[in-house]
Amino acid sequence: MDPNTSSEITHKFPPFFQVHKDGRVERFMVSGFSPPTVDPRTGVESKDVVISPITGVKARIFLPKINGPDPKKLPLLVHYHGGGFCAGSALDAVTAPFLTRLVSEANVVAISVDYRLAPEHPLPTAFDDSWAALQWIGTHLNGTGPELWLNKYVDFERVFLMGESAGATIAHHVAVRVGATPGPEGLRVRGAVIAHPYFAISEPDEMLRFLYPGSSGTDSDPKLSAKADPDVGKMGVDKVLVLVAEKDGLKPRGVEYCEALRNSGWKGDVELVENEGEDHVFFMFNPDCENALIVVQKLVSFINQASR
């Protein structure tokens, strides 16, 4: 192979990735793999599972410290990580600390979906993998699914969705699909946390256009914008918590998302919370800071209230 060919750059989208002429994708935002473990501080245990042997999609499950031989069933938080649809992982060192703390504080089971990344797997693959993961979770409703922790510890009447950045866009999509598409009977999604969402705007987003062939990369695409989605009024959750940050350039998109929900005919409740002085997805990158702890307490309150 001509070394000049392999080193030539055809597409560059900092700070996420660049593509070489030979098709190789070079990512700039790479966080190392964090193995599943038992957290010594909280007692939260984690393990990795394969959701689909065909696609290779995995997930990491977080279980809070269980006391007693016959514990009560717990709410389930289904998490979708951020990273512009092209970076990040449910199995990395960024995701684990925040979810470990949240699982401990809220006393919930969490499952973070490691959907396939674009551009190797162009959108809408991430959306479809995330929906397929919820269907896989639904196979545990009768207590005979493939994953023991879900069978034994989860109350499927108290399911929540959460995502940050691109993961928030995915969480919104899944929440709408829950209402628009008949799902597993007995699985009730109570609420969704949409944190610092990465929705498209009126100006074309060239990275989104590259990651999603055939898309306009604008807010006219129903998968990238709530106001363009004809099914948004069918959103299958009762409550939505939207988080934004004062210094985040994506803050207006979160604010506009709230307006889109309120104008959609959806009958649920939406709450907007802003963290002053903070930037994009700060609570994942600095999970021990004061405002990150405030976010965790807000999520604990949201889950407890919506579980009643």
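The shown structure was predicted, so the numbers you read here are calculated from the model rather than taken from an experiment.

Undergrad: Where do I start with the packing of aromatic side chains in this structure?
TA: Aromatic ring pairs are reported here in terms of the distance separating the ring centres and the angle at which the planes meet. All chains considered together, the criterion is met by nine aromatic pairs. One aromatic cluster is present, formed by Phe13, Phe17 and Phe210 through successive ring pairs. The ring of tryptophan 149 has lysine 47 lying over it, and the distance from NZ or CZ to the ring centre is 4.4 Å.

Undergrad: Is there a simple way to explain the pattern of salt bridges in this structure?
TA: A side chain with one charge can pair with a side chain of the opposite charge if their charged atoms come near. Inspection of every chain in the model, using the stated rule, returns 15 salt bridges. With a shortest N-O distance of 2.8 Å, arginine 27 and glutamate 120 are connected by a salt bridge. Of this pair, arginine 27 sits in strand S3 (residues 25–27) while glutamate 120 sits in the loop between strand S7 (109–114) and helix H3 (125–138), and the two are 93 residues apart along the sequence. On the basis of relative accessible area, glutamate 120 is assigned to the partly exposed category, the value being 40%.

Undergrad: Hey, could you run me through the nonpolar core in this one?
TA: One broad trend across soluble globular proteins is that nonpolar side chains are buried collectively. Of all hydrophobic cores here, the largest spans 71 residues; its most connected members are Val78, Phe85 and Val240. Ignoring any residue separated from it by four or fewer positions in sequence, one finds valine 240 in contact with Ala192, Ile194, Met235, Tyr257, Leu261, Trp266, Asp269, Val270, Glu271 and Phe302.

Undergrad: Would you take a moment to explain the sheet that holds S3 for this structure?
TA: In sheet architecture, strand pairing relies on hydrogen bonds along the backbone and comes in two forms, parallel and antiparallel. Spatial ordering of the open sheet is given by S1-S2-S3, a layout of three strands whose pairing is antiparallel. The sheet terminates laterally at strand S1 (9–13) and S3, the two strands that pair on one side only. When the angles between neighbouring strand axes are averaged without regard to direction, this sheet yields 15°. Taken together, the three bridges between strand S2 (residues 17–20) and S3 define a ladder with antiparallel strand orientation.

Undergrad: Would you explain helix H7 (residues 251–262) in this entry?
TA: Residue pairs three or four apart in sequence face the same way in an α-helix, which turns once every 3.6 residues. Relative to the 16 Å expected for 12 residues at 1.5 Å per residue, H7 spans 17 Å between its end C-alpha atoms, a close match to the ideal helical length. Within the sequence span of H7, burial applies to Arg253, Gly254, Tyr257, Cys258, Ala260 and Leu261. Buried residues in H7, looked at end-on, bunch into an arc of 160°, giving them a common side. Buried residues belonging to H7 abut helix H5 (166–180), strand S9 (189–195), strand S10 (239–245) and strand S11 (269–275).

Reading guide: rules and limits
- Residues numbered from 1 in each chain as written.
- Predicted model: local features only at pLDDT ≥ 70, side-chain atom pairs only at ≥ 80, totals over all residues.
- Heavy atoms only, no water.
- Phe/Tyr/Trp six-rings, centres within 6.5 Å; stacked < 30°, edge-to-face > 60°.
- Lys NZ or Arg CZ within 6 Å of the ring centre and 35° of its normal.
- Salt bridge = Lys/Arg side-chain N within 4 Å of Asp/Glu carboxyl O.
- Helix = DSSP H or I, 4+ residues; strand = E, 2+ residues; numbered from the N terminus.
- Buried < 20%, exposed > 50% of the residue type's maximum accessible area, 1.4 Å probe, protein only.
- Core = buried A, V, L, I, M, F, W, Y, C linked by side-chain atoms within 4.5 Å.
- Contact = heavy atoms within 4.5 Å.
- Pairing = 2+ DSSP bridges.
- Axes fitted to C-alpha atoms, helices over the stretch in contact; angles between N-to-C directions.
- Expected span 1.5 Å × (residues − 1).
- Arc of directions from axis to C-beta.

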